[in-house]
Amino acid sequence: PEGTETGAQVPAKAVNHFLKDPEMDESTGQLRSLPFLTDPAMIREGGRFPQLNMNEESLGELLLGFFELWGREEFGGGEDGDGQTVYVYDASRELNDLGVLVMRCPLTGKNVNPFTTLVWRSIHSEFARAASLLQQGCSLEELCQPAEGL
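Residues numbered from 1 in each chain as written. Predicted model: local features only at pLDDT ≥ 70, side-chain atom pairs only at ≥ 80, totals over all residues. Heavy atoms only, no water.

**Student:** What am I meant to see in the overall build of the chain here?
**Tutor:** Within the chain, the regular secondary structure consists of four helices and three strands. Computed over the C-alpha atoms, the radius of gyration of the chain is 20 Å, more than 25% above the 15 Å expected from 2.2 N^0.38 for a compact globule of 150 residues. Considering only C-alpha atoms, the chain reaches an extent of 55 × 45 × 35 Å along its principal axes. Put simply, the chain has 150 residues, and 25% of those count as buried. Taking as baseline every contact in the chain between residues at least 6 positions apart, the subset at least 24 positions apart corresponds to 35%. In the structure as shown, the chain presents an accessible area of about 10900 Å², 55% of it carried by carbon and sulfur atoms. Taken as two groups, the 11 positive and 24 negative side-chain charges of the chain have centres that lie 5 Å from each other. (Helix = DSSP H or I, 4+ residues; strand = E, 2+ residues; numbered from the N terminus. Rg over C-alpha atoms; globule rule 2.2 N^0.38 Å. Buried < 20%, exposed > 50% of the residue type's maximum accessible area, 1.4 Å probe, protein only. Contact = heavy atoms within 4.5 Å. Areas by Shrake-Rupley, 256 points an atom, 1.4 Å probe, with all protein chains shown as cover. Lys, Arg positive; Asp, Glu negative; His and termini not counted. Charge placed at Lys NZ, Arg CZ, Asp CG, Glu CD.)

So this is what it looks like as structure tokens:
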């Protein structure tokens, strides 16, 4: 990890932090090999991931959990600049002054969802609406209906 001006260690927030080769060879245009497994057969083999196929939650429970999490007010952002940055690499997060949810790519650390505040607030309100509807037992068909006034 790189040091800061004070000499403190900065924890890695993306895989690229550990890789020495550039993402692309500029002379050939050849991209560096991906630093993770991409072949489903290799992922499944040899007990590499002991939790594979162990999920016992239904699709409905997973959807509800997704919308309950990302629909929380703490992720709502706004004009006051009270946004959140989420680092997928280590599941950490920190406040930002952008007023939006920023998701950082676990490989590059780049922002994978560059939203304006207005766009993010619209998406967030739909996440919160979806969580509320699912908590009330609505169907997937009902969930996918446009919100009133849109």
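On we go from here.
**Student:** Looking at this structure, how should I read the packing of aromatic side chains?
**Tutor:** Here a ring pair, both rings aromatic, is described through the centre-centre distance and the interplanar angle of the planes. Under the criterion given, the structure shown has six aromatic pairs. Clustering of aromatic rings is evident, with ring pairs tying together Phe66, Phe67, Phe115, Trp120 and Phe127. The ring of Tyr87 has Lys13 sitting right over it, with the charged end atom 4.7 Å from the ring centre. (Phe/Tyr/Trp six-rings, centres within 6.5 Å; stacked < 30°, edge-to-face > 60°. Lys NZ or Arg CZ within 6 Å of the ring centre and 35° of its normal.)

**Student:** Before we go on, may I ask you to explain the pattern of salt bridges in this structure?
**Tutor:** Should the charged atoms of two oppositely charged side chains come close, the side chains can pair. This structure, assessed with the given rule, holds five salt bridges. Close ionic contact of Glu74 with Arg93 constitutes a salt bridge, the shortest N to O distance being 2.5 Å. Of this pair, Glu74 sits in the loop between α2 (59-70) and β1 (83-87) while Arg93 is found in strand β2 (residues 92-96), placing the two residues 19 residues apart along the sequence. For Glu74, a relative accessible area of 33% puts it in the partly exposed group. (Salt bridge = Lys/Arg side-chain N within 4 Å of Asp/Glu carboxyl O.)

**Student:** Which parts of the structure should I look at to understand the pairing of β1?
**Tutor:** Working note: regular strand, side chains alternate between the two faces of the sheet. Taking burial as the measure, the five residues of β1 include five buried ones, the bulk of the element. Of the two faces of β1, the one lined by Gly83, Thr85 and Tyr87 and the one lined by Gln84 and Val86 are each fully buried. Note: β1 against β2, five bridges, orientation antiparallel. For Thr85, the partnering residue across the bridge sits in β2 and is Glu94. Between β1 and β2, which pair antiparallel one after the other, the connecting turn spans four residues, and Ala91 there sits at a positive phi close to 65°. Bridge analysis of β1 against strand β3 (residues 101-104) gives four bridges, and the strand direction is parallel. (Pairing = 2+ DSSP bridges.)

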